[in-house]
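Tertiary structure, described
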Amino acid sequence: MHVVLSGYYGYNNAGDEAILHAIVSSLRRFDPAIAITVLSAQPEATARLYRVNAVHRMDPLSVYRALRNADAW
């Protein structure tokens with residue numbers, strides 16, 4: 001399964017980052033093999049910190065590709 005998460009991620013807001021951490025952790029408990037892509041303002045940092053795929057939220061082609069390949073969003 002592949003899911004795409006969209007929120008105010010990558011802006012260094014502690015609350016939003018805590019929510020992302022909780023969502024990613026919960027999804028991995030549900031399915032350890034799940035593929036997660038996050039739409040982020042800082043995709044490299046988000047990918048490294050949460051061990052997810054990440055694309056820049058303002059890159060329409062990357063967002064389209066992520067959503068096109070997702071099972072859920």
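Up top is the structure these notes are about.
The text that follows walks through the structure, step by step, so that each part is easy to find. (Residues numbered from 1 in each chain as written. Predicted model: local features only at pLDDT ≥ 70, side-chain atom pairs only at ≥ 80, totals over all residues. Heavy atoms only, no water.)

As for unusual backbone geometry
A positive phi is found at Asn-12, a non-glycine position, where the angle reads about 60 degrees. On the secondary structure map, Asn-12 appears in the loop between strand E1 (2–9) and helix H1 (14–30). For Asn-12, a relative accessible area of 65% translates into the label exposed. Here Arg-51, not a glycine, exhibits a phi torsion of approximately 55 degrees, which is positive. Residue placement: Arg-51 occurs in the loop between helix H2 (43–50) and strand E3 (53–56). The exposed category is assigned to Arg-51, whose relative accessible area is 64%. (Helix = DSSP H or I, 4+ residues; strand = E, 2+ residues; numbered from the N terminus. Buried < 20%, exposed > 50% of the residue type's maximum accessible area, 1.4 Å probe, protein only.)

Observations regarding helix H3 (residues 60–68)
Every buried residue of H3 is accounted for by Ser-62, Val-63 and Ala-66. Within H3, the buried residues cover an arc of 100 degrees as seen down the axis, which keeps them to one side. (Arc of directions from axis to C-beta.)

Describing the packing of aromatic side chains
If you walk through the whole model with that rule in mind, you get 1 aromatic pair. Here Tyr-8 and Tyr-11 contribute two aromatic rings whose centre-to-centre distance is 4.1 Å and whose plane-to-plane angle is 10 degrees, an arrangement assigned as stacked. Overall, the relative accessible area of 34% leaves Tyr-11 in the partly exposed class. (Phe/Tyr/Trp six-rings, centres within 6.5 Å; stacked < 30°, edge-to-face > 60°.)

What to know about the nonpolar core
One finds Val-3, Leu-5, Tyr-9, Leu-20, Val-24, Ile-34, Ile-36, Val-38, Tyr-50 and Val-52 forming the largest nonpolar core, which totals 10 residues. Of all the secondary-structure elements, those providing two or more residues to this core are E1, H1 and strand E2 (35–40). Examining the composition of this core, we find that 3 residues originate from one element, E1, more than from any other. When near neighbours in sequence (up to four residues on either side) are disregarded, Leu-5 contacts Leu-20, Ile-23, Val-24, Leu-27, Ile-36, Thr-37, Val-38 and Leu-39. (Core = buried A, V, L, I, M, F, W, Y, C linked by side-chain atoms within 4.5 Å. Contact = heavy atoms within 4.5 Å.)

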